[in-house]
Amino acid sequence: MAHEVPALGYSFDALEPHIDAQTMEIHHDRHHATYVAGLNAALESHANLQGKSLEDLIGDLDALPGGIQTAVRNSGGGHWNHSFFWQIMAPGGGEPGGALLDAILAGFGTLNEMKAQFSAAAAGRFGSGWAWLVKNSAGDLQVTSTPNQDNPLMDGSGDPVLGIDVWEHAYYLNYQNKRPDYVTAWFNVVNWDEVARRFGG
Ligand code: MN
């Protein structure tokens with residue numbers, strides 16, 4: 001059973017004006033589709049791996065045959081990261097509350113300080129990659145960042161609860177070289193209910 005691009009839970013223009021419809025359509029229908037095609041191609045001649053979950057594949061890359069480790073890391077990571085990214089965004093925005101907000105305040109003092117550290121990680125990631133807010137093994141929130149399509153599941157550093165794609169394909173049409181402006185605007189479309197669900201799970 002081949003891996004598939006999941007449907008978006010909202011329309012391409014639902015996140016405007018913060019993320020434009022054309023960026024969303026290209027990002028979901030072409031970039032994400034390319035990662036899925038790459039993952040399926042890597043697994044094509046490995047029938048024993050085709051039934052494994054995506055999390056199992058990218059969570060133990062060293063267990064894979066050497067010839068496909070890089071492909072699964074890049075394409076499988078890209079598939080997981082984008083599937084996650086579509087879910088932790090939604091139109092309407094809002095603010096975090098409940099146990100998630102308590103953990104943010106415990107870890108960072110204020111919500112703005114968490115956003116500042118997350119934004120600095122996003123801005124400071126040289127080249128392409130992601131910034132993350134993860135729940136570590138102690139249950140605490142931490143800001144991290146990864147290059148390329150790597151993610152915190154690959155080194156067991158925590159469970160992602162929030163993450164932003166800072167590849168240029170995620171923002172170049174609207175923001176060109178102004179990555180920090182994209183990050184600032186992006187906070188308006190964070191789906192805090194989904195972030196809270198992932199934190200609590
Ligand atoms: Mn992307």
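Residues numbered from 1 in each chain as written. Predicted model: local features only at pLDDT ≥ 70, side-chain atom pairs only at ≥ 80, totals over all residues. Heavy atoms only, no water.

Another aspect to go through is the sheet that holds strand β3 (residues 159–165). Pairing within the open sheet is antiparallel, and its three strands lie in the order β2-β1-β3. Of all the strands in the sheet, the pair left with one neighbour each is β2 (141–147) and β3. Taken over all neighbouring pairs, the strand axes of this sheet differ in orientation by 25° on average, direction set aside. The sheet contact formed by strand β1 (residues 129–135) and β2 spans seven bridges and is antiparallel. If you follow W132 over to β2, its bridge partner there is T144. On the sheet, helix α3 (residues 69–87) packs against β1 and β3 and is oriented at approximately 90° with respect to β3. The strands touched by helix α8 (residues 192–200) are β1, β2 and β3; relative to β3, the strand with the most contacts, the crossing angle is about 145°. (Pairing = 2+ DSSP bridges. Helix = DSSP H or I, 4+ residues; strand = E, 2+ residues; numbered from the N terminus. Axes fitted to C-alpha atoms, helices over the stretch in contact; angles between N-to-C directions. Contact = heavy atoms within 4.5 Å.)

Looking now at the coordination of the manganese ion. Protein-derived coordination of the manganese ion comes from H27 (NE2), H82 (NE2), D165 (OD) and H169 (NE2), at a distance range of 1.9 to 2.1 Å. Read in sequence order, the donor residues for the manganese ion give the motif H-x54-H-x82-D-x3-H. Remark: H169 occurs in the loop between β3 and α6 (172–175) and H27 occurs in helix α1 (residues 21–43); sequence separation between them is 142 residues. Taken individually, H27 and H169 each receive the classification buried, so the pair is uniform in this respect. (Donors = N, O, S within 2.8 Å, 3.2 Å for Na, K, Ca; no water. Buried < 20%, exposed > 50% of the residue type's maximum accessible area, 1.4 Å probe, protein only.)

Turning next to the domain arrangement of the chain. If you check the domain split of the chain, you get domain 1 (21–87) and domain 2 (98–200). Here the C-alpha centre of domain 2 lies 21 Å away from the C-alpha centre of domain 1. With 20 residues of domain 1 in contact, the opposing surface of domain 2 contributes 23 residues. Interface area for domain 1 against domain 2, summed over the two sides, is near 1,800 Å², with a carbon-plus-sulfur share of 59%. When the area that domain 1 buries against domain 2 is broken down by residue, the three leading residues are F84, F85 and Q87, summing to 33%. Our count for the domain 1 to domain 2 interface comes out at one salt bridge. We note a salt bridge from D150 to R73, for which the minimum N-O separation is 2.9 Å. The interface formed by domain 1 and domain 2 contains eleven residue pairs in polar contact (both at pLDDT 80 or more). Listed by contribution, the elements that provide at least two residues to the side of domain 1 that touches domain 2 are α1, α2 (54–59) and α3. (Domains from an automatic or database assignment. Buried area = accessible area lost by both parts, 1.4 Å probe. Salt bridge = Lys/Arg side-chain N within 4 Å of Asp/Glu carboxyl O. Polar contact = N/O pair within 3.5 Å; in protein donor to acceptor, adjacent residues only side chain to side chain.)

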